[in-house]
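Report on the structure
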Amino acid sequence: MHELDPLKESPSQTAGPYVHIGCMPNSIGNHGIFEEDLGARMVNEDTKGERITVRGRIYDGTGTALKDAMIEIWQADSNGLFNSPSDTRGEADPNFAGWGRQPVEPETGEFVFETIKPASVPAPRGRTQAPHISFWIVARGINVGLNTRMYFPEEEAANAADPVLGSIEHRSRVATLIANREGSTYTFDIHIQGENETVFLDI
Amino acid sequence: MTSNKVEQGAFYPRDHEWQPKAYTPWYRTSILRSPQKPLLRLDSTISEITGPVFGHNILGQLDDDLTLNYAKNGESALGERIVVHGRVLDERGKGVSNALIEVWQANAGGRYRHKKDAYLAPLDPNFGGCGRTITDVDGYYAFRTIKPGPYPWPNGVNDWRPAHIHFSLFGAGFAQRLITQMYFEGDPHIGLCPIVNTIKDDAAIDQLTAKLDMNNTIPMDARAYRFDIVLRGRRSTKFDNRLEGN
Ligand SMILES: [Fe+3]
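A quick note: this is a predicted structure, and the numbers were derived from the prediction, not measured. (Residues numbered from 1 in each chain as written. Chains lettered and ligands numbered in written order. Predicted model: local features only at pLDDT ≥ 70, side-chain atom pairs only at ≥ 80, totals over all residues. Heavy atoms only, no water.)

1. Some points on the overall build of chain B
Scanning chain B from terminus to terminus reveals three helices and twelve strands. Relative to the 2.2 N^0.38 estimate, which gives 18 Å for 246 residues, the radius of gyration of chain B is 19 Å and therefore close to what a compact globule would have. Taking the principal axes of its C-alpha atoms as reference, chain B extends roughly 60 × 45 × 30 Å. With 246 residues in all, chain B has 55% of them scored as buried. By sequence separation, contacts in chain B at least 24 residues apart represent 72% of the contacts at least 6 residues apart. Per element, the accessible surface of chain B, about 10700 Å² overall, is 56% carbon and sulfur. Seen as two clouds, the 30 positive and the 28 negative side-chain charges of chain B have centres 6 Å apart. (Helix = DSSP H or I, 4+ residues; strand = E, 2+ residues; numbered from the N terminus. Rg over C-alpha atoms; globule rule 2.2 N^0.38 Å. Buried < 20%, exposed > 50% of the residue type's maximum accessible area, 1.4 Å probe, protein only. Contact = heavy atoms within 4.5 Å. Areas by Shrake-Rupley, 256 points an atom, 1.4 Å probe, with all protein chains shown as cover. Lys, Arg positive; Asp, Glu negative; His and termini not counted. Charge placed at Lys NZ, Arg CZ, Asp CG, Glu CD.)

2. Description of the coordination of the iron ion
Residues and elements named next belong to chain B. Summarising the metal site, the iron ion is bound by the protein donors Tyr112 (OH), Tyr151 (OH), His164 (NE2) and His166 (NE2), whose distances to it range over 1.9 to 2.2 Å. Geometry at the iron ion is irregular, judged from its four donor atoms and the angles of 90 to 163 degrees they form at the metal. Going along the chain, you hit the donors of the iron ion in the pattern Y-x38-Y-x12-H-x1-H. In this pair, Tyr112 sits in the loop between β3 (100–105) and β4 (130–134) while Tyr151 sits in strand β6 (residues 151–153), placing the two residues 39 residues apart along the sequence. With respect to burial, Tyr112 and Tyr151 carry one shared label: buried. (Donors = N, O, S within 2.8 Å, 3.2 Å for Na, K, Ca; no water. Tetrahedral: all angles 85-135°; square planar, octahedral: opposite > 155°, others 65-115°.)

3. Some thoughts on the side chain of Asp93(A)
Residues and elements named next belong to chain A. Position of Asp93 among the secondary structure elements: in the loop between β2 (70–74) and β3 (99–103). With no salt bridge to any partner, buried Asp93 finds its closest opposite charge in Lys48, at an N-O distance of 4.1 Å. A polar side-chain atom of Asp93 sits 2.8 Å from the main-chain amide nitrogen of Asn95. Apart from residues no more than four positions distant in its own chain, Asp93 is found in contact with Asp46, Thr47, Lys48, Asp77 and Asn83. (Salt bridge = Lys/Arg side-chain N within 4 Å of Asp/Glu carboxyl O. Polar contact = N/O pair within 3.5 Å; in protein donor to acceptor, adjacent residues only side chain to side chain.)

4. Regarding the pattern of salt bridges
Within this structure, the stated rule accounts for 25 salt bridges over all chains. A salt bridge links Glu102(B) to Arg101(A); the nearest nitrogen and oxygen atoms lie 2.8 Å apart. Of this pair, Glu102(B) sits in strand β3 while Arg101(A) sits in strand β3, on two different chains. Just as Glu102(B) is buried, Arg101(A) falls in that class too. For the salt bridge of Asp90(B) with Arg92(B), the shortest nitrogen-to-oxygen distance reads 2.7 Å. Residues joined in a network through salt bridges with shared partners are Glu72(A), Arg101(A), Glu102(B) and Arg177(B).

5. Quick look at empty space enclosed by the protein
A complete count under the given rule lists three cavities of 30 Å³ or more for this structure. For the lining of the largest cavity, the per-class residue count stands at four nonpolar, three polar and one charged. (1 Å grid on protein atoms, 1.4 Å probe; cavity = no way out; pocket = protein on both sides within 12 Å on 5 of 7 lines; lining within 4 Å. Points joined across faces, edges and corners; volume = space filled by probe spheres on them. Nonpolar A, V, L, I, M, F, W, Y, C, P; charged D, E, K, R; others polar.)

6. With respect to the state of the cysteines
This model, assessed by the stated rule, comprises zero disulfides over all chains. Between Cys23(A), a cysteine without a disulfide, and Cys130(B), which holds the nearest cysteine sulfur, the sulfur-to-sulfur distance is 9.1 Å. On the accessibility criterion, Cys23(A) (2% relative accessible area) is buried. Free of any disulfide, Cys193(B) has its nearest neighbouring cysteine sulfur in Cys23(A), separated by 20 Å. (Disulfide = S-S within 2.5 Å.)

7. Comments concerning the interface of chain A and chain B
Counting residues at the interface gives 80 residues for chain A and 89 residues for chain B. Buried area between chain A and chain B, both sides added, is near 7300 Å², and the carbon and sulfur share of it is 57%. When the buried area of chain A at its contact with chain B is split by residue, Glu9(A), Gln13(A) and Ile203(A) rank highest and sum to 12% of it. Scanning the region where chain A abuts chain B turns up seven salt bridges. We note a salt bridge from Arg33(B) to Asp68(A), for which the minimum N-O separation is 3.0 Å. The tally of links between chain A and chain B comes to 48 residue pairs in polar contact (both at pLDDT 80 or more). Of all the secondary structure elements, the ones that give two or more residues to the side of chain A that touches chain B are α1 (19–23), β2, β3, β5 (121–122), β7 (132–138), β8 (146–151) and β12 (201–202) of chain A. Of the residues in the side of chain A that touches chain B, the class split is 38 nonpolar, 25 polar and 17 charged. The pairing of β12(A) with strand β1 (residues 40–41) of chain B spans two bridges and is parallel. (Buried area = accessible area lost by both parts, 1.4 Å probe. Pairing = 2+ DSSP bridges.)

8. What to know about the confidence of the model for chain B
All names here are of chain B. Across chain B, the average pLDDT comes to 93, with 94% of residues at 70 or higher. Low pLDDT (under 50) marks residues 239–246, which in the prediction has 13 contacts with non-local residues, meaning those over four places away or in another chain. In the predicted complex, the global pTM is 0.95; the interface-specific ipTM is 0.96. (pLDDT = per-residue confidence, 0-100.)

9. Topic: the environment of Asp187(B)
All names here are of chain B. Tracing the sequence through the fold places Asp187 in the loop between β9 (178–184) and α2 (202–207). In this structure the C-alpha to C-alpha distance between Asp187 and Asn57, which are 130 residues apart in sequence, comes to 37 Å. Look past the residues within four positions of Asp187 in its chain and what remains in contact with it is Pro162 and Ala163. Polar contacts involving the side chain of Asp187 include one to the main-chain amide nitrogen of Ala163, which spans 3.1 Å. One polar contact links the side chain of Asp187 to the main-chain amide nitrogen of His189, over a distance of 2.9 Å.

10. Some details on the packing of aromatic side chains
Scanning the model with the defined rule gives 18 aromatic pairs over all chains in all. Geometrically, the ring pair formed by Phe113(A) and Phe135(A) is edge-to-face, given 6.5 Å between the ring centres and 80 degrees between the ring planes. Taken together, the residues span a long stretch of sequence, with Phe113(A) in strand β4 (residues 110–116) and Phe135(A) in strand β7 at a distance of 22 residues. As far as burial versus exposure is concerned, Phe113(A) and Phe135(A) are alike and both buried. For the pair Tyr141(B) and Phe143(B), a centre-to-centre distance of 6.2 Å together with 25 degrees between the ring planes defines the contact as stacked. The class of Phe143(B) is buried, set by a relative accessible area of 4%. An aromatic cluster is built from Phe111(A), Phe113(A), Phe135(A) and Phe188(A), whose rings are joined through pairwise contacts. Sitting above the plane of the Phe34(A) ring, Arg132(B) keeps its charged end 3.8 Å from the centroid. (Phe/Tyr/Trp six-rings, centres within 6.5 Å; stacked < 30°, edge-to-face > 60°. Lys NZ or Arg CZ within 6 Å of the ring centre and 35° of its normal.)

Shown next, in the form of structure tokens:
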């Protein structure tokens, strides 16, 4: 038997409009404290896998793109391994941390990640998850960071067998998690509210 | 209690009664930035129980000293000198080691070093307003800074933020990711703040309120504030049970 757990998770508070100061100071010209913003570069020339660009915007309830958001992504490498001690299945590509962080562009609201396409990863009970990238979004007005996932449109069979996509009750909403592809560029727009509201996850 | 063994258990579900709701209309910006449909509850998969790890080698010598890390010519930042320290724990009460903590804040006058902050309080040429550190094996952290000033913000006609420090935390899994704010014990603005009041439970607000800690002040130098942070807990796996018997 477990003891009753004594503590509650600290409440979240909005990242506010000035999240850049702490998390990406160089991106707003506050140089000289940290050499480089963490997560700004995901790949180097030795990273294995297919190079892709992931871009998009985050829209509020009026259809306006957020100009002050910060996005973090987390993904497996080209062999489906995570660069994390909690993944004990094998050694992930040492040239790929699997984690990226970007501000949206302050004029256009666009975010851009240069990364690699992840392979599929296991799911509980012997199933398989289709290749996907986990997203976490914070901004002014967002009280608790929003989690979602981006899937790949060319992975039709894998997407059809994916347990997360499969658990979306309203099938018309599955499309909100699937990017549009043009060559090696994937566009993944996120709608916080409205008709096309993205499926957000309680992970 | 502290163990360096790799943990792979699923995270406890987040308590949405304890956490703020997304739609809190008294905090106006949340109105158009809150999902209206329910979140899709997901059992933790390997994508959520894993997360990035940051080595102590990323830290520069002054990363945890905001009084000095932007200061020039042997000067230091203006304001009340303080040390903020505490432990990062999970819901089971275990220290979270190697957690990256990033902090940002306004200067002593309540002004941020950011293009978009047009508050008329002056910038401090010796204060950048950001710092970071990584917890030790017990989950302990500390940094040195100056106490930030309260500042007005456009929401209601006369809303002021209590003095606060923004905190970003990485635990061991992507599902533990948390951004929050630390307030200061005794600040009358805490109860008046629309952002604080996105949290319903007074005990939860108290959890974000650092306590003056006279036992850890540095005499003739800085007062101390104690601030413990709790990240989500995770279930023990069967493997854990066998080895640790917990
Ligand atoms: Fe603030």
